[in-house]
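Here are the chains, one letter per residue:
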Amino acid sequence: MTIKNDRKTGGKHEPGRHKPVHALSFAGRLRNYFLAGLLVAAPVSITFWLAWKFISFVDNTVRPLIPVKWNPETYLPFALPGLGLVVVLIVLTAVGAVTRGYLGRLITRVSEGAISQLPIVRSVYSWTRQVFETVLSQKSTAFREVVLVEYPNRGTWAVGFITGRTEGEVQELTSETVVNVFVPATPNPTTGFLLFIPERDVHHLDLTVEEGIKLVISSGIVIPPENGTADGRALERSNGNGTAKKKEPEPEAHSSHQLGFIGRLRNRFFTGVLITAPIGITCWLALEIVTFIDDRVTPLIPARWNPETYLPFSIPGLGVLVMVISLTLIGFLTAGLVGRSIVRFGENLLDRMPVIRGLYGALKQIFEAVFQQQSNAFRDVVLVQYPRKDSWAIGFLTGASNYRITEAGPEDAVNIFLPTTPNPTSGFLLFVPREETRKLSMTIEEGIKMVVSGGIVTPPDRRPEAGGGKASDPDDPGRPPEGVEPVAKAG
């Protein structure tokens, strides 16, 4: 290619070069100005809009709870945006400070003791507390490392997040050291799969969690800068086996009692979050379930039998109580001859309806399989290799495979339900040879906790040969996170 000197500009000119920008037409320049304005204004506008939506949500939720005499908006002719957010921060910090004293520890102990007496509520409270303790711990590795793993098969790679080091029977049943890796979906990184992958197959990335989430959400459009992170989390390769390892953390310069005022406020705030968040989430879920049932059952109660007709207030949980009593009475009545005859007549009537009979038959079969005392449906937690060899995942055994499946597929196959994280109600149905499954001693509830938390909540190893001692209580909230003020455990 020949290069000619441009006498007018003193530079060089290449034949075939595109026309300069000033040669664009008026419409072209307007288009460029429009795109430049969109590129500048859209991210800023969307960011402010999301921030305003969050602040408005908190304000609308918290502001009605502020007493009138303590609400500055009572004396001001205008509203204060962010007032609810400030109140939440102050309240959480105050809760963290109060729980340091004897009275605060006593209240916490009594509250946790009351929650531990409720069968379902205590489980929700237990795993939410464990999740918050792990996430708020300063030395926790939960969702603080971005890695690259081969998924779903060899030669195909995906971004994942380490949620912890695998311990207990899951580690023992695998042939080598594995780590908990959460592989998120796109564009919703809050759902995905929890996998147990050998440490040799986990390649650490010099990215922050925020950069990794941006990469996943944008489907690879938003690429992190090439200069890497500058927050002290850079990872260096080790010589020899080719695996990555973290730099050793530097010793802390100050102990907890030497923290400044801001550091102490930060610890009080995190302690308040640790105390209130699990209780708040648990109460909210319980209230939502009770309200959902009450709204559908209470209107069916005759007015003369409804105590709310004679009382000046409503009774929360009335619908739940009526439903439990009604189901118990139905079970009692159907045990007799008359009840069995009525049920048989109803089933014969449903069998004559073309579409209804198929739906009824499927639902009845599912409920009989789940609630039958001798059923193995969702009674065992197993470990299976998914989605490839040397990569493990938690599944639930739902029964032996149908003969049609075993004739066309593997012999002696079993049905395995592989749940997604954090929603274990969706997933995949797999047919796996029985000898390729490894049964775990953890309960169904503990397996669901581990899946929902993305591997943050690890159940205790209950095998007799694991330690010889008594296994820890799965409902024990455990130790508080390091760097956060300790609180009392349930008695």
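The structure presented is a predicted model; accordingly, all values stated were derived computationally and were not measured. (Residues numbered from 1 in each chain as written. Predicted model: local features only at pLDDT ≥ 70, side-chain atom pairs only at ≥ 80, totals over all residues. Heavy atoms only, no water.)

(A) The pattern of salt bridges, seen in detail. One pass over the full model with this rule turns up 16 salt bridges. One salt bridge in this structure joins Asp-390 and Arg-154, with 3.4 Å as the shortest N-O distance. Of this pair, Asp-390 sits in the loop between β10 (380-385) and β11 (392-400) while Arg-154 sits in the loop between β3 (145-150) and β4 (157-165), placing them 236 residues apart in sequence. Relative accessible area serves as the criterion here: at 18%, Asp-390 is assigned to the buried category. Arg-154 gets classed as partly exposed once you look at its relative accessible area, which sits at 41%. Between Asp-390 and Arg-200 there is a salt bridge, with the nearest N and O atoms lying 3.3 Å from each other. (Salt bridge = Lys/Arg side-chain N within 4 Å of Asp/Glu carboxyl O. Helix = DSSP H or I, 4+ residues; strand = E, 2+ residues; numbered from the N terminus. Buried < 20%, exposed > 50% of the residue type's maximum accessible area, 1.4 Å probe, protein only.)

(B) View of the pairing of β10. In terms of residue burial, β10 counts as a mostly covered element, since 5 of its 6 residues are buried. Examined bridge by bridge, β10 and β11 share 6 bridges and lie antiparallel to one another. Within the sheet, the bridge partner assigned to Gln-385 lies in β11 and is Trp-392. In textbook terms, the turn of a hairpin is the stretch between consecutive antiparallel strands, and for β10 and β11 this stretch comprises 6 residues, one of which, Asp-390, has a positive phi near 75°. (Pairing = 2+ DSSP bridges.)

(C) Geometry of the nonpolar core. Within the largest apolar cluster, 21 residues are counted, with the highest numbers of intra-cluster contacts made by Val-149, Tyr-151, Val-181, Leu-195 and Val-202. Contributions of two or more residues to this core are made by β3, β4, β5 (178-184), β6 (192-198), β10, β11 and β12 (413-419). Each residue touching Val-149, except ones within four places of it in the same chain, is listed here: Thr-156, Trp-157, Ala-158, Val-181, Val-183, Ile-197, Asp-201 and Val-202. One finds Val-178, Leu-440, Ile-444 and Met-450 within the second-largest nonpolar core, a separate group that totals 15 residues. (Core = buried A, V, L, I, M, F, W, Y, C linked by side-chain atoms within 4.5 Å. Contact = heavy atoms within 4.5 Å.)

(D) Representation of the side chain of Thr-99. When you line up the elements, Thr-99 lands in the loop between α2 (83-98) and α3 (102-115). For Thr-99, a relative accessible area of 6% translates into the label buried. Among the polar contacts listed, one links the side chain of Thr-99 to the backbone oxygen of Gly-96, at a separation of 2.9 Å. (Polar contact = N/O pair within 3.5 Å; in protein donor to acceptor, adjacent residues only side chain to side chain.)

(E) Looking closely at the environment of Asn-402. Structurally, Asn-402 can be placed in the loop between β11 and α11 (403-408). According to the relative accessible area criterion, Asn-402 is partly exposed, its value standing at 36%. Measuring from C-alpha to C-alpha, the distance between Asn-402 and Asp-412 comes to 9.7 Å, with 10 residues separating the pair along the chain. Within the structure, the side chain of Asn-402 is placed 2.8 Å from the backbone nitrogen of Arg-404, a separation counted as a polar contact.

Function cannot be inferred from these measures alone, as they are strictly geometric.
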